[in-house]
Amino acid sequence: MSTLSQLKRPMNLRETVLDQLRTAIITGELAEGVLVSAPTLGQQLGVSATPVREAMMDLAREGLVETVKNKGFRVTQMSEKDLDDLAEIRQLLEPPTMRDIVGRIPDEAFDELIELADRCAAGAAGEDLVEYLRNDRAFHERVLSFAGNRQLTDLATSLRSRTRLYGITALAHEGRLTASAHEHHELVRLLRDGDGAGAEALMRSHIGHARSLWATGEQRTAEASAPADTPQGEAT
């Protein structure tokens, strides 16, 4: 049984429910293959079934759950091969884009990126994975947007959301996620300094960690999977 905690009623309840459920799936709190119902999840969250059902339909469009007629929703199962394939596609899309956007980010936009990076760091420090992953998603989506290719941004964001990060909870408890979070600031610095090669290398490292360190919580696996010419370190 999931240990989802009750929510305070925010201004945008649907978005908050969506973030909570997306995080629960990405971190494995809601396990793959498990059948869940909107009323049951709503009771756990302290809300009605309606915003939960709406959020689950959004997650179905993202590929995180599938609808089961007259029963509810089932968390989509992802094999190791599936996750490897997602990471491979992300490596083709995101790192080269970091090099391409150098010089295309307006000066005033860096303040926005730093604010998102600060929120990621605060979420990591507070072991608030909902806050962390919400702002991590927003940060990378905003960075990619400077490529001026909506299709690329949407695809990369979708692939990021479908990645499973079952080791991230342990990293947060151990305080290791805080170091990872601060590398958002490093990416901003590289982009601001015009270091496209450095930004590309950092993003390659990040995606490698998403399939290793963040997935398992083990540094050894992450180091083994990173490309030889990529600097070792935490994910962004």
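Relevant structure appears above.
This section reports on the structure supplied with the text. (Residues numbered from 1 in each chain as written. Predicted model: local features only at pLDDT ≥ 70, side-chain atom pairs only at ≥ 80, totals over all residues. Heavy atoms only, no water.)

Focus: the overall build of the protein
What counts here: Under the scheme used here, helices are H or I runs from DSSP no shorter than 4 residues and strands are E runs no shorter than 2 residues, and both carry numbers assigned from the N terminus. Think of it in three bands: with a 1.4 Å probe and only protein chains considered, a residue is buried below 20% of the maximum accessible area for its type, exposed above 50%, and partly exposed in between. Contacts are residue-level and defined by heavy atoms, with any inter-residue pair within 4.5 Å sufficient. For every accessible area listed, the method is Shrake-Rupley and the probe measures 1.4 Å; residues are considered covered only by the protein chains on display.
When its secondary structure is counted, the protein shows 13 helices and three strands. Counting all 236 residues of the protein, 52% fall into the buried class. The long-range fraction of contacts in the protein, counting pairs at least 24 apart against all pairs at least 6 apart in sequence, stands at 74%. When the accessible surface of the protein is split by element, carbon and sulfur atoms take 50% of a total near 11,000 Å².

As for the side chain of Asp58
Within the secondary structure, Asp58 sits in helix α3 (residues 49-62). Classification of Asp58 as buried rests on a relative accessible area of 13%. When near neighbours in sequence (up to four residues on either side) are disregarded, Asp58 contacts Arg14 and Leu18.

Some points on the packing of helix α10 (residues 183-192) against helix α11 (residues 196-210)
Put simply, the rule is: To obtain each axis, a line is fitted to C-alpha atoms, and for helices this fit is confined to the stretch in contact; angles are then taken between N-to-C directions over 0 to 180 degrees. Angles below 35 degrees are treated as roughly parallel, those above 145 as roughly antiparallel, those between 65 and 115 as roughly perpendicular, and all remaining angles as oblique. If you view the pair so one helix is near and one far, a crossing is left-handed when the near helix is turned anticlockwise from the far one by less than a right angle, and right-handed when it is turned clockwise. Residue polarity is assigned by list, with Asp, Glu, Lys and Arg as charged and Ala, Val, Leu, Ile, Met, Phe, Trp, Tyr, Cys and Pro as nonpolar; anything else, Gly included, falls into the polar class.
The interhelical angle for the contact between α10 and α11, taken along N-to-C directions, is 155°, at an axis separation of 8 Å. With respect to each other, α10 and α11 are oriented roughly antiparallel. At the point where α10 passes α11, the crossing takes the left-handed sense. Each of Glu183, Glu186, Leu187, Leu190 and Leu191 in α10 lies in contact with α11, whose residues at this interface are Gly198, Ala199, Leu202 and Met203. Residue composition of the contact of α10 with α11, by class: six nonpolar, one polar and two charged.

Structural measurements only, silent on function.
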